[in-house]
Amino acid sequence: MAFQKAVKGTILVGGGALATVLGLSQFAHYRRKQMNLAYVKAADYISEPVNREPPSREAQLLTLQNTSEFDILVIGGGATGSGCALDAVTRGLKTALVERDDFSSGTSSRSTKLIHGGVRYLQKAIMKLDIEQYRMVKEALHERANLLEIAPHLSAPLPIMLPVYKWWQLPYYWVGIKLYDLVAGSNCLKSSYVLSKSRALEHFPMLQKDKLVGAIVYYDGQHNDARMNLAIALTAARYGAATANYMEVVSLLKKTDPQTGKVRVSGARCKDVLTGQEFDVRAKCVINATGPFTDSVRKMDDKDAAAICQPSAGVHIVMPGYYSPESMGLLDPATSDGRVIFFLPWQKMTIAGTTDTPTDVTPHPIPSEEDINFILNEVRNYLSCDVEVRRGDVLAAWSGIRPLVTDPKSADTQSISRNHVVDISESGLITIAGGKWTTYRSMAEDTINAAIKTHNLKAGPSRTVGLFLQGGKDWSPTLYIRLVQDYGLESEVAQHLAATYGDKAFEVAKMASVTGKRWPIVGVRLVSEFPYIEAEVKYGIKEYACTAVDMISRRTRLAFLNVQAAEEALPRIVELMGRELNWDDHKKQEQLETAKRFLYYEMGYKSRSEQLTDRSEISLLPSDIDRYKKRFHKFDADKKGFITIVDVQRVLESINVQMDENTLHEILNEVDLNKNGQVELNEFLQLMSAIQKGRVSGSRLAILMKTAEENLDRRVPIPVDRSCGGL
């Protein structure tokens with residue numbers, strides 16, 4: 001098996017030690033691969049990629065421009081579109097892919113981060129005797145196994161707990177979860193099991209314990225969705241596909257077939273969004289894989305085409321890692337309105353979601369405060385009353401548009417298909433829509449099969465089952481140790497690089513800057529609390545990153561983990577990208593402002609900042625108001641009614657604390673609601689009221705002032721008689 005060839009001889013520690021390093025679930029998954037219990041047959045017979053590294057974007061554009069005709073042109077660089085390009089090119093078809101924005105810029109980067117068959121779909125399949133839903137679950141479970149196999153660095157099994165609060169639900173849920181294992185068959189990651197109340201609380205200590213009967217734990221997969229999408233696109237590029245982001249399809253090209261006399265789609269007029277240059281890309285077959293934008297491309301082909309996409313918005317929030325155990329997720333199978341909520345550890349943070357509400361199609365979906373509060377309320381229902389679920393702990397929030405579809409060939413056009421739909425128009429445009437992240441590969445296989453049949457293309461069967469994605473082939477769980485030993489990286493940074501780039505992590509490490517410290521030797525962080533380093537910005541450009549937004553959201557995942565940390569890292573990221581891409585000052589400022597708008601609207605910064613405004617109420621007890629006024633006046637010694645940077649610096653110097661002026665500017669600006677360069681007493685009381693209500697957390701000014709007050713109070717004057725009398 002290819003995986004075994006890649007890792008043979010790399011295990012240098014005992015099973016117990018390796019299990020400690022990896023965590024039990026990932027270790028068990030790895031051992032099963034070592035023992036030749038493969039989930040899918042590896043694609044050993046695939047020829048090696050034609051490119052050791054993906055060609056540059058400029059080279060790809062020249063290929064698009066100068067190739068007389070491709071066999072396949074894919075529109076859309078999400079998971080499905082990238083999957084189509086990879087499937088086509090590995091069959092020997094001359095393949096092109098264009099994406100209007102960045103790879104994975106839409107729905108594919110805004111998922112729940114699960115690779116799953118769909119427990120709820122299996123429940124519906126059984127309850128309604130729905131064979132279509134059953135087949136979808138069966139297919140998804142096979143694809144789950146394949147994805148865990150071909151990108152082991154980006155994915156791993158995750159145990160998910162289903163807490164039970166009524167005795168009768170225990171056998172009901174147990175039967176359902178066991179059926180899930182049964183349907184998976186040989187693709188079952190690990191058998192589900194039942195936990196007593198005490199064991200459930202041991203695994204998930206922050207769980208609501210009142211009336212808890214026990215819990216059931218089952219296994220699904222988890223992945224880094226944007227990086228997975230990028231790995232698919234980069235793998236397609238290495239196998240010879242001409243892939244380009246920021247290439248918008250302006251119109252479809254058509255010509256008359258001389259044999260049939262029918263008008264056929266023959267390519268697309270494309271525009272480079274970054275330069276404005278336009279040119280034609282001709283192809284025997286054009287595939288529409290644009291997710292929520294499916295209908296806009298269909299109407300380019302036929303303005304009278306019926307709409308088949310019924311978009312639904314799913315909002316997720318990210319909270320600090322202490323809200324969930326590091327290696328155990330939670331499933332709420334029946335929320336107050338009948339939806340399903342997942343509560344999952346991811347990248348050392350906690351993800352909660354999702355909602356499911358009808359929406360309009362937009363390239364820039366915005367998470368609503370209503371949806372954020374709905375998720376928070378559901379989380380409160382399942383967590384112990386000892387854990388205060390605060391609005392201020394929402395570090396990021398996003399909305400993804402799920403492209404549900406109706407089958408245009410179905411008699412009942414109002415019926416939403418939970419599976420994917422492959423549609424072929426009169427002019428030969430092939431549309432792939434619907435489905436889910438997990439099944440992207442089988443969706444791509446069905447689409448390319450349809451393309452070959454419809455357009456009489458010469459190609460063999462799909463070869464993507466078991467085909468390693470970029471970074472996966474020579475990855476091993478102990479790879480990060482070599483990064484620490486060979487390059488002098490911090491262990492946390494090395495683990496992150498190995499889990500993000502796989503066997504390509506060494507190339508990132510080679511680019512890492514010297515820190516000037518005794519340890520780590522290399523690897524300057526972009527922000528202190530996350531393991532992202534400056535070298536990733538340089539390497540991200542090799543991965544087709546063209547904008548600062550690409551870097552903070554899809555090459556690194558900073559924007560999805562903490563919007564404030566992403567904003568803090570932005571100036572340095574823009575500086576590094578500007579140096580590599582020859583940006584002038586105007587371009588740098590433009591990139592900075594665009595990225596800040598992205599964080600403000602699309603990643604929940606606006607919603608977060610609106611928790612404290614100049615219209616915020618002050619709801620404090622009189623005793624609290626007196627206490628906070630005293631704290632404020634320790635800084636406002638002159639009783640001006642406001643504090644400035646000078647006041648804060650004076651107090652900090654008196655307790656021997658040094659802080660640079662730029663940082664102080666940032667700290668005060670967070671609370672300076674009317675933006676007049678000073679923090680007034682009323683603004684300070686608004687801040688403390690918002691903190692008490694849980695709407696704001698982690699305020700640097702509030703923590704700094706409290707710490708300074710405590711230090712000042714501890715400083716007791718030395719009595720005169722203890723100092724030899726004095727003068």
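What you see is a predicted model; the values in this text were computed from it and never measured.

Student: An account of the overall build of the protein is needed here, citing residue identities and associated values.
Tutor: If you tally the helices and strands in the protein, you get 27 helices and 21 strands. Looking at the protein as a whole, 57% of its 727 residues qualify as buried. Sequence-distant contacts, at least 24 apart, represent 73% of the contacts inside the protein between residues at least 6 apart. Here the protein displays about 31,300 Å² of accessible surface, and carbon together with sulfur accounts for 52% of that area.

Student: Account for the UniProt feature "domain: EF-hand" (unreviewed entry) in the protein, naming residues and giving values.
Tutor: Taken from the UniProt record, the annotation "domain: EF-hand" (unreviewed entry) applies to residues 623–658 and 659–694. The distance from the first to the last C-alpha atom of residues 623–658 is 32 Å, and the span holds 64% helix and 6% strand. Overall, residues 659–694 shows 58% helix and 6% strand. The separation of its end C-alpha atoms is 27 Å.

Student: Lay out the packing of helix H17 (residues 535–542) against helix H20 (residues 563–581) in plain terms, naming residues and giving numbers.
Tutor: Across the interface, H17 lies against H20 with an axial gap of 9 Å and an inter-helix angle of 45°. Between H17 and H20, the angle falls in the class oblique. Where H17 crosses over H20, the handedness of that crossing is right-handed. Judged by residue contacts, Val 537, Lys 538 and Ile 541 of H17 engage Ile 573, Leu 576, Met 577, Glu 580 and Leu 581 from H20. Of the residues contributing to the contact of H17 with H20, the split by class is six nonpolar, no polar and two charged.

Student: Can you tell me about empty space enclosed by the protein, naming the residues and giving the values?
Tutor: Here the structure, examined in full by the defined rule, presents six cavities of 30 Å³ or more. What the largest cavity holds in volume is close to 70 Å³. Lining the largest cavity, in full, are His 153, Leu 154, Arg 227, Ala 231, Leu 234, Gln 470, Gly 471, Thr 500, Tyr 501, Lys 504, Tyr 539 and Glu 543. Listed by contribution, the elements that provide at least two residues to the lining of the largest cavity are helix H10 (225–238) and helix H15 (491–501). A total of three residues in the lining of the largest cavity trace back to one element, the largest contributor, which is H10.

Student: I'd love a proper account of the side chain of Ser 266, names of residues and values included.
Tutor: Secondary-structure assignment places Ser 266 in strand S9 (residues 263–272). Apart from residues no more than four positions distant in its own chain, Ser 266 is found in contact with Leu 253, Lys 254, Lys 255, Val 281, Arg 282 and Ala 283.

Student: Lay out the environment of Tyr 539 in plain terms, naming residues and giving numbers.
Tutor: Mapped onto the elements of the fold, Tyr 539 is located in helix H17. In this structure Tyr 539 comes out as buried when scored by relative accessible area, which is 2%. When the C-alpha atoms of Tyr 539 and Ala 512 are compared, they prove to be 9.8 Å apart, with 27 residues separating the residues in sequence. Apart from residues no more than four positions distant in its own chain, Tyr 539 is found in contact with Glu 53, Gln 470, Tyr 501, Lys 504, Glu 507, Val 508 and Met 511.

Student: Report on the nonpolar core, specifying residues and quantitative values.
Tutor: Counting residues in each nonpolar core, the largest one holds 46 residues, and the members touching the most others are Ile 72, Leu 86, Ile 287, Tyr 440 and Leu 469. If you list the elements that add at least two residues to this core, you get strand S1 (70–75), helix H5 (79–89), helix H7 (131–150), H10, strand S10 (278–288), strand S19 (430–434) and helix H13 (440–455). Looking at which domains feed residues into this core, each of domain 1 (57–109 + 227–307 + 407–455) and domain 2 (154–222 + 311–403) gives three or more. Setting aside its immediate chain neighbours within four residues, Tyr 440 contacts Ala 79, Thr 80, Gly 83, Leu 147, Ile 150, Ile 232 and Leu 469. Listed in part, the 38 residues of the second largest apolar core include Leu 395, Ile 573, Trp 583 and Ala 595.

Student: Describe helix H27 (residues 700–714), with residues and values.
Tutor: For H27, which comprises 15 residues, the first-to-last C-alpha distance of 21 Å matches the rise-based estimate of 21 Å (1.5 Å per residue) to within 8%. The set of residues buried in H27 consists of Leu 701, Ala 702, Leu 704, Met 705, Ala 708 and Glu 709. Considered in projection along H27, the buried side chains sweep an arc of 165° and stay on one side of the axis. Exposed residues lying more than 90 degrees from the buried face of H27 are Ile 703 and Arg 714. In this structure, the buried side of H27 is in contact with helix H23 (622–635), strand S20 (642–643), helix H24 (645–654), helix H25 (661–669), strand S21 (679–680) and helix H26 (681–692).

Student: Which residues make up the packing of aromatic side chains, and what values go with them?
Tutor: Counting across every chain of the model gives 14 aromatic pairs. Summarising the aromatic geometry, the rings of Tyr 628 and Phe 684 are spaced 6.5 Å apart at their centres and angled 90° between planes, so their arrangement reads as edge-to-face. Of this pair, Tyr 628 sits in helix H23 while Phe 684 sits in helix H26, and the two are 56 residues apart along the sequence. Of the two residues examined, Tyr 628 and Phe 684, each falls in the buried class. Here the aromatic cluster, defined as three or more aromatic residues joined through ring pairs, consists of Trp 168, Tyr 172 and Tyr 173. Of note, Arg 100 hangs over the ring of Phe 293, and the distance from its end group to the ring centre comes to 4.7 Å. The lysine or arginine in question, Lys 640, covers the ring of Phe 642, its NZ or CZ lying 5.3 Å from the ring centre.

Student: Can you lay out the pattern of salt bridges for me, pointing to particular residues and giving the numbers?
Tutor: Counted by the stated rule, this structure contains 37 salt bridges. Note that Arg 441 and Glu 143 form a salt bridge whose closest N and O atoms lie 2.9 Å from each other. You can see Arg 441 sitting in helix H13 and its partner Glu 143 sitting in helix H7, a full 298 residues away along the chain. Linking Asp 301 and Lys 254 is a salt bridge whose minimum nitrogen-to-oxygen distance equals 3.0 Å. Of the two residues, Asp 301 sits in helix H11 (residues 294–301) while Lys 254 sits in strand S8 (residues 247–256), which places them 47 residues apart along the sequence. Put simply, Arg 52, Glu 53, Lys 504 and Glu 507 are held in one network by salt bridges that share partners.

Rules used throughout
Residues numbered from 1 in each chain as written. Predicted model: local features only at pLDDT ≥ 70, side-chain atom pairs only at ≥ 80, totals over all residues. Heavy atoms only, no water. Helix = DSSP H or I, 4+ residues; strand = E, 2+ residues; numbered from the N terminus. Buried < 20%, exposed > 50% of the residue type's maximum accessible area, 1.4 Å probe, protein only. Contact = heavy atoms within 4.5 Å. Areas by Shrake-Rupley, 256 points an atom, 1.4 Å probe, with all protein chains shown as cover. UniProt positions renumbered as here; feature names shortened; annotations may be inferred. Axes fitted to C-alpha atoms, helices over the stretch in contact; angles between N-to-C directions. Parallel < 35°, antiparallel > 145°, perpendicular 65-115°, else oblique. Left-handed = near helix turned anticlockwise from the far one by under 90°. Nonpolar A, V, L, I, M, F, W, Y, C, P; charged D, E, K, R; others polar. 1 Å grid on protein atoms, 1.4 Å probe; cavity = no way out; pocket = protein on both sides within 12 Å on 5 of 7 lines; lining within 4 Å. Points joined across faces, edges and corners; volume = space filled by probe spheres on them. Core = buried A, V, L, I, M, F, W, Y, C linked by side-chain atoms within 4.5 Å. Domains from an automatic or database assignment. Expected span 1.5 Å × (residues − 1). Arc of directions from axis to C-beta. Phe/Tyr/Trp six-rings, centres within 6.5 Å; stacked < 30°, edge-to-face > 60°. Lys NZ or Arg CZ within 6 Å of the ring centre and 35° of its normal. Salt bridge = Lys/Arg side-chain N within 4 Å of Asp/Glu carboxyl O.

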